[in-house]
Amino acid sequence: MIYSTGFREHVGTVYLLALKQTWIQAMLCGFCLLTYILSGSILTCMLCVGGVLLATRMAVQYIFVQGIQLGLREDLLDIRNSYMQPGSRSCFWVAELKGSIVGTVGILPCVEEPGAWELKRISVKKEFRGRGIAKALCETALEFVARHNVKRVVLFTSMVQTDAHKLYDSIGFEKEEEFVWPSLPARLINFMVFKYVHRNGNVMSC
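What comes next is a walk through the structure. Remember, predicted model here, so these are calculated numbers, not experimental data. Within each chain, residue numbers correspond to sequence positions counted from 1 in written order. Under the rules for a predicted model, residues below a pLDDT of 70 receive no local features and side-chain atom pairs below 80 are neither given nor counted, while totals for whole chains, interfaces and linings still include all residues. Hydrogens and waters are ignored; side-chain quantities use all the structure's heavy atoms.

**Digging into the overall build of the protein**
From N to C terminus, the protein includes eight helices and six strands. Taken from the N to the C terminus, the helices and strands of the protein come in the order α-α-α-α-α-β-β-β-α-β-α-β-α-β. The long-range fraction of contacts in the protein, counting pairs at least 24 apart against all pairs at least 6 apart in sequence, stands at 62%. Each accessible area is a Shrake-Rupley result for a 1.4 Å probe, and residues are judged covered by the shown protein chains and nothing else. In the structure as shown, the protein presents an accessible area of about 11700 Å², 59% of it carried by carbon and sulfur atoms. Mean positive and mean negative side-chain charge positions of the protein (22 and 17 charges, respectively) differ by 3 Å. Only DSSP runs of H or I reaching four residues or more are called helices, and only runs of E reaching two or more are called strands; each is numbered from the N terminus. It only takes one pair of heavy atoms within 4.5 Å for two residues to be counted as in contact. A positive count includes Lys and Arg, and a negative count includes Asp and Glu. His and the chain ends are not counted in either. In this description, the location of a charge corresponds to atom NZ of lysine, CZ of arginine, CG of aspartate or CD of glutamate.

The following block contains the structure:
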């Protein structure tokens, strides 16, 4: 699936973010020293530190698994039911190339903010990026909401999706809020989520 594959691309970046946390560095140093004092073996010390690093990596992967499972539960397990019901004020688009789906985007009323609509599942296969596919998909969605006189369109993205941030800036979104992803592993490494907003005055007309 395009969504889950693209989501997992950032595991390494977030792992490095975790290792930059002061408390994790202090824990590694303290654990290394304690292990050496107790065992007197540098090899044992290195093995134990390696175990801590592995545990940290697994915690980061858990954050991403949570995110993917949340996306599947929210709408992706049944796109037709989530977005394409007759008379519903929502829609889901795909970009195709030679019969293969290479990009997706969806839009529907925002659960967290009544009255606003949310742009979701913006994803393009890695090998097809840089061709304007994501921008075209997002603009199509914005044209759709313009026809419904929507005052606010919001989207949520993580701190590590820097290329996506540039895309959102280029189509008129502004960062409105940032907060820590609500899970214990995310809090421990200060993993931030950004909320972007596209206001009615900026929405493209059709």
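Anyway, onward from the coordinates.
**Observations regarding the nonpolar core**
One finds W93, I107, L119, V145, V153 and F173 to be the most contacted residues of the largest nonpolar core, which totals 29 residues. Elements that contribute at least two residues to this core include exactly strand 1 (91-97), strand 2 (100-109), strand 3 (117-124), helix 6 (133-146), strand 4 (152-158), helix 7 (162-170) and strand 6 (192-199). Here the element with the most residues in this core is helix 6; it accounts for eight residues. Definition used in this section: a nonpolar core is a set of buried Ala, Val, Leu, Ile, Met, Phe, Trp, Tyr and Cys residues joined via side-chain atoms within 4.5 Å. The buried label applies to any residue whose accessible area, calculated with a 1.4 Å probe on protein chains only, is under 20% of its type's maximum; exposed applies above 50%, and partly exposed to all values in between.

**Quick notes on the packing of aromatic side chains**
Working definition: a ring pair exists when centres of Phe, Tyr or Trp rings (six-membered ring for Trp) sit within 6.5 Å. Plane angles under 30 degrees give stacked, over 60 give edge-to-face, the rest tilted. Evaluation of the coordinates by the stated rule reveals seven aromatic pairs. Aromatic pair W117 and F144: ring centres 6.0 Å apart, planes at 40°, arrangement tilted. Note that W117 is positioned in strand 3 and F144 in helix 6, a separation of 27 residues in sequence. Looking at F144, the relative accessible area reads 11%, which means it is buried. Counting every residue linked through ring pairs, the aromatic cluster contains W93, W117 and F144. We note R57 situated over the ring of Y15; from NZ or CZ to the ring centre the distance is 5.2 Å. One residue, K175, lies across the ring of F194, its end atom 4.1 Å from the ring centre. By the criterion adopted, a ring carries a charge over it if an Arg CZ or a Lys NZ lies within 6 Å of its centre and within 35 degrees of its normal.

**Brief notes about the layout of surface pockets**
For the second largest pocket, the calculated volume is near 160 Å³. In this analysis the probe radius is 1.4 Å and the grid spacing 1 Å, with only protein atoms considered; a cavity is a set of points the probe fits into but cannot get out of, a pocket is an open set with protein on both sides within 12 Å along at least five of seven lines, and lining residues have an atom within 4 Å of a point. In terms of lining residues, the second largest pocket is bounded by 13 residues, among which W23, I24, A55, T56 and A59 are the most central. Of all the elements in the fold, those that place two or more residues in the lining of the second largest pocket are helix 3 (22-39), helix 4 (42-74) and helix 8 (184-189). At six residues, helix 4 tops the list of elements feeding residues into the lining of the second largest pocket. Grid points are joined across faces, edges and corners, and a volume is the space filled by probe spheres set on the points.

**Structural notes on the pairing of strand 6**
In terms of residue burial, strand 6 counts as a mostly covered element, since seven of its eight residues are buried. Any two strands are treated as partners once DSSP identifies two or more bridges connecting them. Relative to strand 6, strand 4 runs antiparallel, the two being bridged by seven bridges. Looking at strand 6, one finds that S158 is bridged to V193. As defined by bridge partners, strand 5 (residues 174-180) adjoins strand 6 across six bridges and the pair is classed as antiparallel. Residue E178 lies in a different strand from strand 6, and its bridge partner there is F194.

**Some words on the pattern of salt bridges**
The working definition used for a salt bridge is a side-chain nitrogen of Lys or Arg within 4 Å of a carboxyl oxygen of Asp or Glu. Overall, the coordinates contain eleven salt bridges when judged by the stated rule. Here R121 and E74 are joined by a salt bridge, their closest N and O atoms 2.8 Å apart. Highlighted residues: R121 in strand 3 and E74 in helix 4, separated in sequence by 47 residues. On the accessibility criterion, R121 (12% relative accessible area) is buried. Given a relative accessible area of 39%, E74 falls into the partly exposed group. E176 is paired through a salt bridge with K195; the nearest N and O atoms lie 3.8 Å apart. Placement of E176 in strand 5 and of K195 in strand 6 is noted, with a sequence separation of 19 residues between them. Judged by relative accessible area, E176 falls into the partly exposed class, the value being 34%. Via salt bridges that share partners, E74, D75, E118, K120 and R121 belong to a single interconnected network.

Purely geometric numbers; function is a separate question.
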